[in-house]
Amino acid sequence: MRASQYLITTKKESPADAEVISHQLMLRAGMIRKVAAGLYSWLPLGLRVFRKVEAIVRQEMDKSGALELMMPVVQPADLWEESGRWGQFGPELLRIKDRHDREFCLGPTHEEVITDIIRNEINSYKQLPANFYQIQTKFRDERRPRFGVMRTREFCMKDAYSFHSSAESLQGTYDVMYETYSAIFTRTGLVFRAVLADTGSIGGSHSHEFHVLAESGEDAIVFSTEGGYAANIEKASAVASAQPSTGGNGEITELATPGVHTIAELCQFMDTDVTQALKALIVSAEDGEGQTQLYGLMLRGDHELNEVKAQHALGLSSEITFATEEQIKGALNCAPGSLGPVNLNLPMVVDHSAAALSDFVCGANRDGYHLTNVNWVRDCEEFTVADIRNVVAGDPSPDGKGVLEIKRGIEVGHIFQLGTKYSQAMKATVLDENGKEQFMSMGCYGIGVSRIVAAAIEQNHDGNGIIWPDAIAPFQIAIVPINMHKSDNVNETCEALYQRLSDAGHEVLFMDEPKARLGGMLADIELIGIPHRIVIGDRGLEDGTVEYRNRRETENQHIAMDKLDDFIRDKLFK
RNA sequence: CGGGGCGUAGCGCAGCCUGGUAGCGCACUACACUGGGGGUGUAGUGGUCGCAGGUUCAAAUCCUGCCGUCCCGACCA
C-alpha cells in the first residue's frame, strides 16, 4: 500500500475523553473514530487489524470442525419469550418494534436463534455432535460503555454453539474448544491465561474464561504459584485455613466509640489489628417468595466480600445488593458503622476466616458503640459458616500446591457448558438409539473479536505508540525513503523494493509522499506500530546498504542491499 | 442507575469569576526556504461558543431546564 493512496490520520495529542492507553492509541493512530457512546467506526487502518484477528479466529474454528453460518442481528421477541429471557434480560436488551408494531430485539447473543434452527434441522442423535459458529455484530445496551472498543454497545463477537446427545460428547467438544481458543490466542501473539469462571447469567455448569494479561484489565484473576490452579477471583475458592473458633475467655464489653465508622478508624481507636476486627455487611435480596429480605454477612476486617459466593451461600437465585442506609436503619435501628453479629436478628453467614476469630472487635448494633472480646458460640445466635470472601494474594491454593497470586486480565473469550437449559425451554430434541425423544445438551463459546484488538494494544505498547505482534499488524513492513524527491537512486530503490516485497506476498506500507519529512514518517510508523521498518537514503545506498529496525528494538541494523530480501524473509517467517 | 467532571474550529486548550471585537497551539491550503527524528517564515481556510428558554440596550460569559460525553461503583466478549 502506498501511503499517498491510503488514509493515515495520526494525531499528536490524544482526545481528552480517552482514558485508557489502547483507546488513546487507537484514536491517535487513526484506527477508530467514535460515532456515539459505545459506537465506533473502524477506519481502514483499524479494520486491517480487525480482519487479521477475525481471520485467525475463523481459520482455527474451521480447523476445529465447527461450521460457519450467519444469523440475523434483529431477532423476534417470540423466540426470547420461549426461552424465558424476554422477561429476564434487563434494559441491556435493546427492544424495537417494526412497522406492524411487532416486537424485536437487537441480538446480544444467539442461543435462541441457533436453538430454533437446530430443533428444526436436526432430528437424530446420529447427526450429533454438531458445532456452529458465526462472526457477527452483537448489540448490548450497556449501562456504561467505556475504554474505547474494549466495552462498547455494538461489538463483534465470534459465537459458537454446540449440540450433543450426551454429557461426554459435550465435554469432548468443550475440550476441543478449549484447545482451539488456546491456539487462537497463541497465534495472535498475546500472553493469555485460561481460568475457571463463574457461569453468571448465561447459566450452565462448567466454564472457563480466557484472559489477556494486562495491568489495566478489568478482572482480577488468580493463579497458584506451584500448581496449575487458575480462576477468576469471582470463582476462586478460599481454603478454610483454620477451624471455627470455639471461643475465647475475654469478657464481652461495650465501649463508646464516637465518630468511629470504618474498620480502619476502629482499629486505630482500639489499637488492635485489622485481622482481629469483624466487618459486618448487610445485603438485600429477594427471597424465594419475591419478598425483599436483609441478610448479615460477616467478614474478617481485612477481607472483601465476594458477592457471587455470598449469593450461593445464601441459596439465592437473585442477585444481592448492599442494603441502603434507610433499609438498615429501618431493620436494625442503627446506622452502618456500628453493625455486628450480636443480637443481629437477621439470617447470617460468617466467612471461614471470620469464624476462626475469638475475642474479636465488632459493632454493637447501637450507634456509636462497639464490642470487644466477642465470641461466636457464647455471644451470637444461629449462623452458618461459608466461603464468602475474595481470596487475597498469599492464600493457600485450593489444589494444595503453593499459594495464590493475583494478576489483572482482560476477558477475551469464554466457554460454557450450558446443558439442557435452552433445549428444554425451546423443546429442542432428537431421537436416541432407542427411538426416544431426548433433549440435546448444549455448549456455547464466545470470543470478543473487537476487544482482542484493544487488549493487544494494552499488552503491547510503549511511549511512542503501538507495538503489534506480527500476526495482527495492519502492515508487516514500512518502507521509509529519505529525500525521495531529490534522489532518483532512493526513488528507484524504494519502488523496486516495494514491488518485490509486495509480489512476495508481504503487506508493505510505502511512505511515498515525496516531500514528507523523515521525523514525521518515523513517528507515524511507530505510533501505528508496524513491526518492521526499512529506511532508505542516499548515504546508505552509497555503501550499498539500507537500515532495518524492529519496532521492539532501539538500534538500526545496516543491511547490504543484495542480502535484503533474504533478510526480510527470515524476519517475517522466523 | 447512583456519585463526580467536561461541552468554545477536525484535535488539544484559553476566554467565563468581573456581560460589550471569539482567541492560542496542532492539523489543513498557497508560496518560499529547509532537508537523516514531528523544521522556519509569510499569507490564508475553518466557529449557530452543546440545545432551548430567561435576565439585559447587549450573553461564550449570569439564571433555569434539557441533551451529549467521560470517569468511579453494580454487569459482560
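Residues numbered from 1 in each chain as written. Chains lettered and ligands numbered in written order. Predicted model: local features only at pLDDT ≥ 70, side-chain atom pairs only at ≥ 80, totals over all residues. Heavy atoms only, no water.

A word on empty space enclosed by the protein
Scanning all chains against the criterion turns up 1 cavity of 30 Å³ or more. Ala238, Val239, Ala240, Asp351, His352, Ser353, Asp387 and Arg389 are the residues that line the largest cavity. Among the residues making up the lining of the largest cavity, the classes are represented as 3 nonpolar, 2 polar and 3 charged. (1 Å grid on protein atoms, 1.4 Å probe; cavity = no way out; pocket = protein on both sides within 12 Å on 5 of 7 lines; lining within 4 Å. Points joined across faces, edges and corners; volume = space filled by probe spheres on them. Nonpolar A, V, L, I, M, F, W, Y, C, P; charged D, E, K, R; others polar.)

Quick word on the sheet that holds strand S18 (residues 360-363)
Across the sheet, which stays open at both edges, the 3 strands sit in the order S13-S19-S18 with antiparallel pairing between neighbours. Either end of the sheet is taken by a strand with one partner, and the two such strands are strand S13 (253-256) and S18. Ignoring which end each strand starts from, the neighbouring axes of this sheet average 30 degrees apart. Across 3 bridges, S18 lies against strand S19 (residues 369-374) in antiparallel orientation. Note that in S19 the partner of Gly363 across the bridge is His370. Together, S13, S18 and S19 form the strand contacts of helix H7 (residues 263-270), whose direction differs from that of S19 by roughly 65 degrees. (Pairing = 2+ DSSP bridges. Helix = DSSP H or I, 4+ residues; strand = E, 2+ residues; numbered from the N terminus. Axes fitted to C-alpha atoms, helices over the stretch in contact; angles between N-to-C directions. Contact = heavy atoms within 4.5 Å.)

Quick notes on the packing of aromatic side chains
This structure, assessed with the given rule, holds 13 aromatic pairs. Note on Tyr181 and Phe185: the rings are 6.1 Å apart at their centroids and 85 degrees apart in plane angle, and the pair reads as edge-to-face. Taken together, the residues span about one helical turn, with Tyr181 and Phe185 both in helix H6 (residues 167-188) at a distance of 4 residues. Between Tyr181 and Phe210, the ring centres sit 5.3 Å apart and the planes meet at 55 degrees, which makes this aromatic pair tilted. Pair noted here: Tyr181 is in helix H6 and Phe210 is in strand S10 (residues 207-213), with a separation of 29 residues, a long-range link. What makes Phe210 buried here is its relative accessible area of 0%. The ring of Trp86 carries the charged tip of Arg95 above its face, separated from the ring centre by 4.7 Å. Cation over ring: Lys407 sits above Phe223, and NZ or CZ is 5.7 Å from the ring centre. (Phe/Tyr/Trp six-rings, centres within 6.5 Å; stacked < 30°, edge-to-face > 60°. Buried < 20%, exposed > 50% of the residue type's maximum accessible area, 1.4 Å probe, protein only. Lys NZ or Arg CZ within 6 Å of the ring centre and 35° of its normal.)

A few points about the sheet that holds strand S14 (residues 278-286)
The sheet built from 5 strands is open, its strands ordered S16-S14-S15-S17-S20 with mixed pairing. The open sheet has two edge strands, strand S16 (321-322) and strand S20 (384-386), and neither has a second partner.

Notes on the pattern of salt bridges
Counted under the stated rule, the structure contains 30 salt bridges. Across the pair Asp116 and Arg119 runs a salt bridge, and its minimum N-O distance is 2.7 Å. Linking Asp116 with Arg119, this pair stays in helix H5 (residues 111-121), spanning 3 residues, or about one helical turn. Owing to a relative accessible area of 21%, Asp116 belongs among the partly exposed residues under this scheme. A salt bridge links Arg300 to Asp302, with the nearest nitrogen and oxygen atoms 2.8 Å apart. Put simply, Arg51, Glu54, Arg58 and Glu68 are held in one network by salt bridges that share partners. (Salt bridge = Lys/Arg side-chain N within 4 Å of Asp/Glu carboxyl O.)

Comments concerning the nonpolar core
Within the largest apolar cluster, 64 residues are counted, with the highest numbers of intra-cluster contacts made by Met26, Met31, Tyr181, Phe185, Tyr445 and Trp468. The contacts of Met26, once residues within four sequence positions are left out, are Met31, Ile32, Trp42, Val149, Val453, Ala454 and Ile457. Grouped together as the second largest cluster of nonpolar side chains are 26 residues, Trp86, Val113, Ala428 and Met442 included. (Core = buried A, V, L, I, M, F, W, Y, C linked by side-chain atoms within 4.5 Å.)

So, the side chain of Glu458
By secondary structure assignment, the location of Glu458 is in helix H13 (residues 449-459). For the buried Glu458, which has no salt bridge, the nearest side chain bearing the opposite charge is Arg451, at an N-O separation of 11 Å. In terms of polar contacts, Glu458 uses its side chain to reach the side chain of Ser216, at 2.5 Å. Excluding residues that lie within four positions of it along the chain, Glu458 makes contacts with Val20, Ile21, Ser22, Met150, Ala214, Ser216 and Ile410. (Lys, Arg positive; Asp, Glu negative; His and termini not counted. Polar contact = N/O pair within 3.5 Å; in protein donor to acceptor, adjacent residues only side chain to side chain.)

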